[in-house]
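So you can see what is in the structure, the chains are spelled out below.
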Protein chains: 2
Amino acid sequence: MASSGSMEDLTAALESSCSTQTAASAENGPGISKKAAQKAAKKAERLQNRQAAAATAATAKEEDDPLGHNYGDLPLEDVQSKGISGRIWTKVSELDAALKERNVLIRGRAQSARGKGKIAFLIVREQGYTVQCVATVSESVSKGLVKYVTGLSKESIVDVEGVVSKPDVEIASTTQQVVEIQVRKVYCVSKAASVLPLNLEDAARSERDLEKAEKEGVQYVRVGQDTRLNNRVLDLRTPANQAIFRIQSYVSMLFRQYLLSEDFVEIHTPKLMAGASEGGSAVFKLDYKGQSACLAQSPQLHKQMAICADFGRVFEIGPVFRAEDSFTHRHLCEFTGLDLEMEIKEHYFEVLDLLGELFVSIFDGLNAKCKKELQAINQQYPFEPLQYLRKTLLLTFPEGVQMLKDAGVEVDPFGDLNTESERRLGQLVKEKYNTDFYVLHRYPLAVRPFYTMPAVDDNRYSNSFDVFIRGEEIISGAQRVHDPDLLVKRAGDCGIDVKTLTAYIDSFRWGTVPHGGAGVGLERVVMLFCALNNIRKSSLFPRDPQRLAP
Amino acid sequence: MASSGSMEDLTAALESSCSTQTAASAENGPGISKKAAQKAAKKAERLQNRQAAAATAATAKEEDDPLGHNYGDLPLEDVQSKGISGRIWTKVSELDAALKERNVLIRGRAQSARGKGKIAFLIVREQGYTVQCVATVSESVSKGLVKYVTGLSKESIVDVEGVVSKPDVEIASTTQQVVEIQVRKVYCVSKAASVLPLNLEDAARSERDLEKAEKEGVQYVRVGQDTRLNNRVLDLRTPANQAIFRIQSYVSMLFRQYLLSEDFVEIHTPKLMAGASEGGSAVFKLDYKGQSACLAQSPQLHKQMAICADFGRVFEIGPVFRAEDSFTHRHLCEFTGLDLEMEIKEHYFEVLDLLGELFVSIFDGLNAKCKKELQAINQQYPFEPLQYLRKTLLLTFPEGVQMLKDAGVEVDPFGDLNTESERRLGQLVKEKYNTDFYVLHRYPLAVRPFYTMPAVDDNRYSNSFDVFIRGEEIISGAQRVHDPDLLVKRAGDCGIDVKTLTAYIDSFRWGTVPHGGAGVGLERVVMLFCALNNIRKSSLFPRDPQRLAP
């Protein structure tokens, strides 16, 4: 509890408050006496000093404040594992009416601080939740404390102790709307620089609000993608970004939960490899103790080898490296692959059945468990909820081509679809089947990797598939060639040097179950579930051809 | 169900069966007629042919066998997604007495096949579970089928259809001991080469059995580490290895499950970085689109940046790269890091409390859920179950040094412990406290990374810790320096160029909560929980200074 101050303190505080008022009047008002002018000048100087102090984050406290121990910068040693005080911090998210009149201690960021006379308002934010803290000069709260609060630099970490109270009117600007905290003590645990490279309020503003303001003649700062990414640690503090990465965490969790319940084994395959994992040029090369090595473009070869090693059903969540030059809204040089591979008895539909159920469980899970997060994203980046069927729609590639043709879009029936055709097909499928999520299978063999099983009835096609959300690919998969002779032939047909693949191909000579699998891009799933316009928004610290930091 | 043959088929089958018997008698019996001799020669030739056929994995089937459709090599197209038959495969692990007299279809590996006259025994293995399949010549089973079974090459994938029956005596050599399968049909789905680089029976033999056999004058092949790792896909099929990697999967699962329940967010940080993540020379370098880049030695910097970005508590499971030259039983150039980082209010004991509970939940989980797996490992690599306390033991570094001193081992009180001292201390702790799992904290500052928080009372020490299983380190962690000025100073003291760490250090200038965390080596946890003698045994496809394949 805050110690109560003397009567003298209270008077001093009131006087001080009055002086400020006077000073303000003096600056504005005409026809004042000399004494008053002197007084005003003195006050103005004090005000300047105060502002200067605020600008340097108000480290100073009034020397003679008998309640000075109730506020100030916490010495490092106090959070250097000096001891265990037994105090309990309440989470901002847990502050509610049930705690009314209770003394609480919170730790969070000074999102904003403003003071006027005897009162200061501090919004404290903890992981996306905010609460208003009010410091009012009283017998237990000194003028010095109010001044200190006012001068706190934005984003500083503060410990606030105070009493939970109910505001007269619900607070619209904080997440905790029915309670506020009457401050008794406040300490700064870690001071933020007074000038930040970006303002969080700007970074959190929606395009809609920006446009609305512009129409009204207000010009807000529009924080560009590069400024955000250059200062990612600040950018990530916006409510939308806090939500996006909590959703990303949920996607992985739901992915694994479903697969573990279906007898999959989680594996970890090496990212350092002797040969290029899938051929092609988009590979990062490096020296490995004198040997030429590269970074795995996918866990493809090793996850198949895990099947050859009798694990039956395996999955992996890990980084995937692509030295691509694509500078698009949906390509990264490093992303998180959700990979799975499984024995099949007869047909690649066994993989598709599982994938369909897996993703319905992920979408259901997100909708059920991430309501607040989805709402936070929607505030900044409004989007339509994902529409999906309980039983996932399967279309063949020729059916897709035909739908495009019927809509006047001509595509090569044995070529790949480009981004534009995929988008268009996504729209057509949505109109016809009312789903944003569907599978396109039986792709032309020529556009798939060498390890893809040709179709049994027509080897111009293959037992392969892509899966789409909102017209963009999130999954690629297939039945694999498990016959070593056919595999060698297919590698040769695709111009791949089988010598670099010896260990992989040999694995199939020791008996192999027919199998298939798929690779999912985690960032794409998050991006498209939330209809974000750029994959950099769903990558924590993105890597693209031009970005290797932070 | 097997289709029933005609009367003619039956006669042919019986005749065929009888001939084999006669041949066998002829070969063994003395004083035979010319006709019998001719017949015997003919039979011997047939036998030779049969053996030759067996050596080439018995592709041929008897041309004139009216029951020939019940066995043989399955054409590729039958498993090339031709159609969905609706047949149901039963797992070998699910075969039990409840299925007696039921017709079942299984798919697995021909672990061993041997025939004698009218009968053949085939052990089918599916993911570590085995069942005996018996093919006996009868009205529905031709001699050709029995011959075909006998000739199956080891490790080939087979579909076996038959009736579950109860053997007269429990079968000691298979995991399914109370049932066997009376074979009706058998097809080879994928043929293994007749000569394999290692024999699974050899690879699965325990040191104890090898020594016992040697004493009895039997010399088995001892499969060396390199042979195993060069042919890892085969090596991984042993029961012990199947178990090790299922346990590894469980460790990750239990790790995440606990942390998610404690409000941690799972993150994925980049492995491609502009500077060396922790300084030092043990870093893999590569060219990144013309920029000099390196592979992350840990997610240290980015997980701390995630804390600066308000995620509160984060964890990551991902690859960690160390270009070390250490060629020891416990170092790898690539391993799986289980990393966590969390806000702390006052003391690094908050991290230690969580780690203690986390690992007790992992150990409890493994003991409860992996009984079969632990048993399988114990068969090949016998070990004592891990002893651990409900409340994890904490010892300070000086206490550890004193215990060693009392035992006659002198160590530098401000240096690091070497492997030998750590082992010895582990033994002393086990004797005194009866635990294989404990924490040593308050390490000398000089032996910890620059971002480690110095101890508040004596800056020769630090707020850091290592955690040990059976005297070997599995976890390293600490409270971090969250003050940017101190961080710059510490980096300078450690001879690190802060220019390469700008983004990291800047993150602390925007307000940072005090925090701490730890990094766990997944392969080490598995290795030491099971008391394996080499980390290569708990890495799926290990990477060390001399190994980049398979």
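Look up a bit, the structure's there.
Now for a look at the structure at hand.

## Here we look at the interface of chain B and chain A
Thought 1: Opposite the 112 residues of chain B that make contact, chain A presents 112 residues.
Thought 2: Between chain B and chain A the total buried area reaches about 9,300 Å² when both faces are included, carbon and sulfur atoms providing 59% of it.
Thought 3: Interface area lost by chain B to chain A is led by E346(B), W510(B) and L548(B), which between them contribute 10%.
Thought 4: Inspection of the region where chain B meets chain A yields twelve salt bridges.
Thought 5: Residue R125(A) is joined to D310(B) by a salt bridge in which the shortest nitrogen-to-oxygen separation is 3.0 Å.
Thought 6: Seen at the junction of chain B and chain A, the total is 70 residue pairs in polar contact (both at pLDDT 80 or more).
Thought 7: Here the side of chain B that touches chain A is built from residues that sort into 54 nonpolar, 27 polar and 31 charged.

## Comments concerning the sheet that holds strand β14 (residues 437-441) of chain B
Residue and element names in this part refer to chain B.
Thought 1: Taken in spatial order, the eight strands line up as β7-β11-β12-β17-β16-β15-β14-β13 in an open sheet, and their pairing is mixed. Looking at strand neighbours, the two that pair on one side only are β7 (265-266) and β13 (393-396), the edges of this open sheet.
Thought 2: When β7 meets strand β11 (residues 313-321), the two strands line up parallel, connected through two bridges. Of the residues in β11, the one forming a bridge with E266 is F315.

## A look at the sheet that holds strand β15 (residues 464-469) of chain A
Within a sheet, neighbouring strands are paired by backbone hydrogen bonds and run either parallel or antiparallel to one another.
All names here are of chain A.
Thought 1: Strands sit in the order β7-β11-β12-β17-β16-β15-β14-β13 across an open sheet of eight strands; the sheet is mixed. One side of each edge strand has no neighbouring strand; the edge strands of this open sheet are β7 (265-266) and β13 (393-396).
Thought 2: Bridging between strand β12 (residues 334-343) and strand β17 (residues 515-521) involves seven bridges; their strand directions are antiparallel. Residue pairing for β17: E341 is matched across the bridge by G517.
Thought 3: Sheet contacts for helix α10 (residues 349-369): β11 (313-321), β12, β13, β14 (437-441), β15, β16 (472-479) and β17; angle to β12, the most-contacted strand, approximately 130 degrees.

## Some remarks on helix α13 (residues 419-433) of chain B
Residues and elements named next belong to chain B.
Thought 1: Its 15 residues give α13 an end-to-end C-alpha distance of 21 Å, which sits within 8% of 21 Å, the value for a rise of 1.5 Å per residue.
Thought 2: Looking at α13, one finds that the buried residues are S421, E422, L425, G426, L428 and V429.
Thought 3: Lining the buried residues of α13 we find β13, α12 (397-406), β14, β15 (464-469) and β16 (472-479).
Thought 4: Residue N434 follows α13 closely and has a positive phi angle near 60 degrees.

Parameters and conventions
Position numbers for residues count from 1 along each chain, tracking the sequence in the order it is written. For naming, the first written chain is A and the first written ligand is 1, with later ones following in the order written. Owing to the predicted nature of the model, reporting of local features is limited to residues with pLDDT of at least 70; listing and counting of side-chain atom pairs is limited to 80 or more, with chain, interface and lining totals taken over all residues. Here the side-chain values reflect all heavy atoms present in the structure, with hydrogen atoms and water set aside. Residues are treated as being in contact if the distance between any of their heavy atoms lies within 4.5 Å. Accessible area, probed at 1.4 Å, shrinks when two parts are joined; the buried area is that loss added up over both. Salt bridges, as used here, are contacts in which a Lys or Arg side-chain nitrogen is within 4 Å of a carboxyl oxygen on Asp or Glu. Whenever two N or O atoms come within 3.5 Å, that pair is a polar contact, provided that in protein one can donate a hydrogen and the other can accept it, and provided that, for residues adjacent in sequence, both atoms are side-chain atoms. Nonpolar residues are Ala, Val, Leu, Ile, Met, Phe, Trp, Tyr, Cys and Pro. Charged residues are Asp, Glu, Lys and Arg, and all others, Gly as well, are polar. When DSSP finds at least two bridges between two strands, those strands are taken to pair. Helix numbering and strand numbering both begin at the N terminus, where a helix is a DSSP run of H or I of at least 4 residues and a strand a DSSP run of E of at least 2. With axes taken as lines fitted to C-alpha atoms, and helix axes fitted only over the stretch in contact, angles between N-to-C directions fall between 0 and 180 degrees. Here a helix's expected span is defined as the number of its residues, less one, multiplied by 1.5 Å. The buried label applies to any residue whose accessible area, calculated with a 1.4 Å probe on protein chains only, is under 20% of its type's maximum; exposed applies above 50%, and partly exposed to all values in between.

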